[in-house]
Amino acid sequence: MDLQLTAKTALITGATAGIGLEIARTLAGEGARVIITGRDRKKLDSAIADIKASAGSDIIGVLADAASAEGAAIIARAEPSVDILVNNLGIYESKAFGDITDTDWSHLFDVNVMSGVRLSRTYLPGMLERNWGRIIFISSESALAIPQDMIHYATTKTAQISIARGLAQLTRGTNVTVNSVLPGPTRSEGIEAFLRSQANDPSAPIKQIEAEFFATARSASILQRMVEAEEVANLVAYLASPRSSATNGAALRAEGGLVNTIA
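Analysis parameters
- Residues numbered from 1 in each chain as written.
- Predicted model: local features only at pLDDT ≥ 70, side-chain atom pairs only at ≥ 80, totals over all residues.
- Heavy atoms only, no water.
- Helix = DSSP H or I, 4+ residues; strand = E, 2+ residues; numbered from the N terminus.
- Rg over C-alpha atoms; globule rule 2.2 N^0.38 Å.
- Buried < 20%, exposed > 50% of the residue type's maximum accessible area, 1.4 Å probe, protein only.
- Contact = heavy atoms within 4.5 Å.
- Areas by Shrake-Rupley, 256 points an atom, 1.4 Å probe, with all protein chains shown as cover.
- Lys, Arg positive; Asp, Glu negative; His and termini not counted.
- Charge placed at Lys NZ, Arg CZ, Asp CG, Glu CD.
- pLDDT = per-residue confidence, 0-100.
- Phe/Tyr/Trp six-rings, centres within 6.5 Å; stacked < 30°, edge-to-face > 60°.
- Lys NZ or Arg CZ within 6 Å of the ring centre and 35° of its normal.
- Salt bridge = Lys/Arg side-chain N within 4 Å of Asp/Glu carboxyl O.
- Pairing = 2+ DSSP bridges.

Caption draft 1: Quick peek at the overall build of the protein. Of the regular secondary structure elements, the protein holds 8 helices and 10 strands. Computed over its C-alpha atoms, the radius of gyration of the protein comes to 18 Å, within 12% of the 18 Å expected for a compact globule of 263 residues. Seen along its three principal axes, the alpha-carbon backbone of the protein occupies a region of about 55 × 40 × 40 Å. In the protein, which comprises 263 residues, the share counted as buried stands at 50%. Considering only contacts within the protein whose residues lie at least 6 apart along the sequence, 69% involve residues at least 24 apart. Taken as a whole, the protein presents about 11700 Å² of accessible surface, with 52% of it coming from carbon and sulfur. For the protein, the distance from the average site of its 24 positive side-chain charges to the average site of its 28 negative ones is 6 Å.

Caption draft 2: Spotlight on the environment of Leu89. Structurally, Leu89 can be placed in the loop between β4 (84-87) and α4 (102-130). Linking Leu89 and Ile19, residues 70 residues apart in sequence, is a C-alpha distance of 9.4 Å. The contact partners of Leu89, leaving out residues within four places of it in the chain, are Thr13, Gly14, Ala66, Ala67, Val111, Asn112 and Ser115.

Caption draft 3: Region of the structure containing the confidence of the model for the protein. For the protein, the average pLDDT comes to 90, and 93% of its residues sit at 70 or higher. When the criterion is pLDDT under 50, residues 257-263 qualifies, and its contacts beyond four places in sequence or with other chains add up to 22 contacts.

Caption draft 4: Region of interest: the packing of aromatic side chains. All told, the structure shown has 1 aromatic pair when counted by the stated rule. An angle of 65 degrees between the planes, with centres 6.2 Å apart, marks the rings of Tyr92 and Tyr153 as edge-to-face. Of this pair, Tyr92 sits in the loop between β4 and α4 while Tyr153 sits in helix α5 (residues 151-170), and the two are 61 residues apart along the sequence. On the basis of relative accessible area, Tyr92 is assigned to the partly exposed category, the value being 34%. The exposure class of Tyr153 is buried, given its relative accessible area of 11%. When the ring centre of Trp132 is taken as origin, the NZ or CZ atom of Lys8, which lies over that ring, is 3.9 Å away.

Caption draft 5: Expanded view of the pattern of salt bridges. As enumerated under the stated definition, the model contains 6 salt bridges in all. Asp104 is the partner of Lys95 in a salt bridge, and the nearest nitrogen-oxygen pair spans 2.6 Å. On the basis of relative accessible area, Lys95 is assigned to the partly exposed category, the value being 24%. Look at the salt bridges and you will find they share partners, linking Glu22, Arg25 and Asp50 into a network.

Caption draft 6: Fine view of the pairing of β4. Burial along β4 is two-sided: Ile84 and Val86 and Leu85 and Asn87, pointing in opposite directions, are all buried. Sheet topology places strand β1 (residues 9-12) next to β4; 3 bridges connect them, and they run parallel. Across the sheet, Ile12 pairs through a bridge with Val86, a residue of β4.

Caption draft 7: Looking closely at the pairing of strand β6 (residues 176-182). Of all 7 residues that make up β6, 7 are buried, and the element is covered over most of its length. Here β6 shows a buried face lined by Val176, Val178, Ser180 and Leu182 and a second buried face lined by Thr177, Asn179 and Val181. In terms of strand pairing, strand β5 (residues 133-138) meets β6 through 6 bridges, oriented parallel. Paired with Arg134 across the strands is Thr177, a residue of β6. In this sheet, strand β9 (residues 251-253) lies alongside β6 in parallel orientation, the contact comprising 3 bridges. In the sheet register, Val181 faces β9, and the bridge partner there is Leu252.

In structure tokens form, the structure reads like this:
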């Protein structure tokens, strides 16, 4: 299926690895002009080379911390207008509620929430003026199924859904859409270390640890396995395309399920 993304400009934050990198690669493969952001020049250049090698498309990297107001301003100056904004930048950690400091709360909120708020505020007006655009927040299933050891992370992911839903209502009657994607646990950098930190026997084979994780911590999972980053990217590519014109204000779970959809 042609997703009709040729000549569309897409900005993906936090795209030097993991889900963000795969989203950038997929959109580039569909013909979009892709801009990725990152804080580390070496990682940024490596990601650009990686995408060009597989997609051979027009890739631009912006060295900026999208979690800060200064970084958002740098991104806006580098790319004053985009057709597609994917607010992917995010961090997580496992921590007992009583040990989560004010600094921890503020840091996760700045990275996971305010990065998307600032860039959406920058690019939504132009999308509405041109009567076409896509804003996509990469949230998490943790926004709905709150892990007891990641309450601060889950709170930021719930906030993303609220923001996306509110912005979608500002697009009423236009060809601009705002949606959220809620992946389950996704295979990416750092996930093995996280799983081992949760395991009864951290030295066990990783497949055994994964099985234990889904049997105990994620027993409600339909897939009962890690989501692959490419699978999330495929869903995002659809939402970014003109083909998804009737999907607005939705929270789409990467392993199935739809929440709060309006057309």
